[in-house]
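Given next are the chains, with one letter for each unit.
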Amino acid sequence: MPDITSEQVAHLANLARIALTPDEIEKLTGELSHIVESVARVAEVATDDVPATSHPVPLENVTRPDEVGRTLTQEQALAGAPDSDGERFRVTAILGEEQ
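Residues numbered from 1 in each chain as written. Predicted model: local features only at pLDDT ≥ 70, side-chain atom pairs only at ≥ 80, totals over all residues. Heavy atoms only, no water.

**Student:** Any details on the pattern of salt bridges? Residues and values, ideally.
**Tutor:** According to the stated counting rule, one finds two salt bridges in the structure shown. Salt-bridge contacts for Glu 31 lead to Lys 27; the nearest nitrogen and oxygen are separated by 4.0 Å. Of this pair, Glu 31 and Lys 27 both sit in helix α2 (residues 22-45), separated by four residues, roughly a single helical turn. Residue classification places Lys 27 among the exposed residues on the basis of a relative accessible area of 55%. Among the salt bridges present, the one from Arg 88 reaches Asp 85, with a minimum N-O distance of 3.0 Å. (Salt bridge = Lys/Arg side-chain N within 4 Å of Asp/Glu carboxyl O. Helix = DSSP H or I, 4+ residues; strand = E, 2+ residues; numbered from the N terminus. Buried < 20%, exposed > 50% of the residue type's maximum accessible area, 1.4 Å probe, protein only.)

**Student:** I'd like to hear about the side chain of Ser 33, residue by residue, with values.
**Tutor:** Note that Ser 33 resides in helix α2. Among the residues examined, Ser 33 registers a relative accessible area of 12% and is labelled buried.

**Student:** I'd like a rundown of the environment of Val 50, residues and numbers included.
**Tutor:** Relative to the assigned elements, Val 50 resides in the loop between α2 and α3 (74-79). The spacing of Val 50 and Glu 31 is 19 residues in sequence and 28 Å in space, taken between C-alpha atoms.

**Student:** Now, about the side chain of Thr 29: what can you tell me, with residues and values included?
**Tutor:** Secondary-structure assignment places Thr 29 in helix α2. For Thr 29, a relative accessible area of 10% gives the class buried. A polar atom in the side chain of Thr 29 sits 2.6 Å from the backbone oxygen of Ile 25. Residues contacting Thr 29, with those up to four places away along its chain left out, are Ile 4, Thr 5, Ser 6 and Val 9. (Polar contact = N/O pair within 3.5 Å; in protein donor to acceptor, adjacent residues only side chain to side chain. Contact = heavy atoms within 4.5 Å.)

Read these as layout, nothing more, since geometry by itself doesn't imply function.
Written out as structure tokens, the structure is:
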């Protein structure tokens, strides 16, 4: 596996429009090389009989089920509104144009 070079890191930083100092380039070169080596090590032990996963444990939905409950009437909802037309909330236009 070829090592990551400082020139490659500088090139990637330029493509991503990230200004890096020479010290940052050297630090990232070592870190990226370590990451590439770690991924290569994992790839060596990965086998076809082990399915790919995104989480080490199964995920399950932990939210409560939706249940119909008490709701406000239209009058109750509009009672606290600063302005309404009797059926809807009345607000100023968000694009700065009055309607």
